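Okay, here's what each chain looks like letter by letter:
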Amino acid sequence: MIMALNKVKINSDIELKDRLVAINRVTKVTKGGRTFTFSAIVVVGNENGIIGWGLGKAGEVTAAIAKGVEAAKKNLVRVPVVKGTVPHEASAHFGGAEVLIMPASPGTGVVAGGAMRAVLDSVGVKDVLAKSKGSSNPHNLVKATIAALSGMRDAKTVAAQRGVSLEKVFRG
């Protein structure tokens, strides 16, 4: 439900950079021998608050990555980035993976591992503390991280939704 609120349509003026998160070689055994295919999970982002992920499957690695990039461009999400960090603490889970994302002071850097780091770098977050719990499956970690990021709201959005001023949001 939350992801539908901040979907982004692809424009030609958006410069998206892709990052490969994981490649998986899949073997299918048939009577003629083994058939190898590859699946690649890819994250694309403009490093300024727009992020998307995609899964590509093909007989060759390069084709799988290309399909993943095309799939990622079809489900882009806008994420608030405030002064190089996230606006508030957030957690989410997808499957067996659970993530916790917290804002950090300037100069901290991206303290996150594996698949979470690729997502946070692609979205343009420079300072963040992140912890993954449960499964380390990169597919579920990417989906949980994007779910946590897409659930975030900055102060302007909260003020607009509540119909109050920014000062009232901070002071109560």
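Everything in this summary refers to the structure shown in the same document.

Calculation notes
- Residues numbered from 1 in each chain as written.
- Predicted model: local features only at pLDDT ≥ 70, side-chain atom pairs only at ≥ 80, totals over all residues.
- Heavy atoms only, no water.
- Pairing = 2+ DSSP bridges.
- Helix = DSSP H or I, 4+ residues; strand = E, 2+ residues; numbered from the N terminus.
- Right-handed = clockwise from strand over helix to strand, strands pointing away.
- Buried < 20%, exposed > 50% of the residue type's maximum accessible area, 1.4 Å probe, protein only.
- Contact = heavy atoms within 4.5 Å.
- Salt bridge = Lys/Arg side-chain N within 4 Å of Asp/Glu carboxyl O.
- Axes fitted to C-alpha atoms, helices over the stretch in contact; angles between N-to-C directions.
- Parallel < 35°, antiparallel > 145°, perpendicular 65-115°, else oblique.
- Left-handed = near helix turned anticlockwise from the far one by under 90°.

## Focus on the pairing of strand β9 (residues 128-134)
Where strand β7 (residues 97-103) meets β9, seven bridges bridge the pair, whose relative direction is antiparallel. Note that in β9 the partner of V99 across the bridge is S132. Summarising the sheet, strand β8 (residues 110-111) and β9 pair through two bridges and their orientation is parallel. Counted as the bridge partner of V110 is V128 from β9. Traced from β8 through helix α3 (residues 114-123) to β9, the parallel crossover comes out left-handed.

## Focus: the side chain of S39
Along the chain, S39 turns up in strand β3 (residues 33-45). Among the residues examined, S39 registers a relative accessible area of 8% and is labelled buried. Excluding residues within four positions of it along the chain, S39 makes contact with A22, I23, N24, L55, G56 and K57.

## Focus: the pattern of salt bridges
Considering all chains together, one arrives at two salt bridges under this definition. Measuring nitrogen to oxygen at the nearest pair gives 3.6 Å for the salt bridge that ties E47 to K17. Placement of the pair is E47 in the loop between β3 and β4 (50-58) and K17 in strand β2 (residues 17-30), with a sequence separation of 30 residues. When its relative accessible area of 46% is taken as the criterion, K17 is described as partly exposed. Salt-bridge contacts for R19 lead to D121; the nearest nitrogen and oxygen are separated by 2.9 Å. In this pair, R19 is assigned in strand β2 and D121 in helix α3, connecting sequence segments 102 residues apart. On the basis of relative accessibility, which here comes to 35%, the residue R19 falls in the partly exposed class. On the accessibility criterion, D121 (22% relative accessible area) is partly exposed.

## Examining the packing of α3 against helix α4 (residues 138-150)
Direction vectors running N to C along α3 and α4 enclose 40 degrees, while the axes themselves pass 8 Å from each other. Put simply, α3 runs oblique to α4. By crossing handedness, the relation of α3 to α4 is classed as right-handed. The residues of α4 that touch α3, namely those facing A115, M116, V119, L120 and V123, are P138, L141, V142, T145, I146 and L149.

## Considering the sheet that holds β8
With respect to topology, four strands assemble into an open sheet ordered β6-β7-β9-β8, the strand pairing being mixed. For this open sheet the edge positions go to β6 (90-94) and β8, each flanked by a neighbour on one side alone. Of the strands in this sheet, β6, β7 and β9 are in contact with α4, which crosses β7 at around 40 degrees.

## Some points on unusual backbone geometry
Among all residues save glycine, negative phi is the norm, and among peptide bonds the norm is trans. Despite not being glycine, E47 has its phi angle at roughly 60 degrees, a positive value. Residue class for E47 comes out partly exposed when judged on its relative accessible area of 36%.

## Description of the environment of A112
Relative to the helices and strands, A112 resides in the loop between β8 and α3. Take A112: its relative accessible area is 13%, and that puts it in the buried class. With 62 residues separating them along the chain, A112 and I50 place their C-alpha atoms 19 Å apart. Excluding residues that lie within four positions of it along the chain, A112 makes contacts with R117, L120 and A130.

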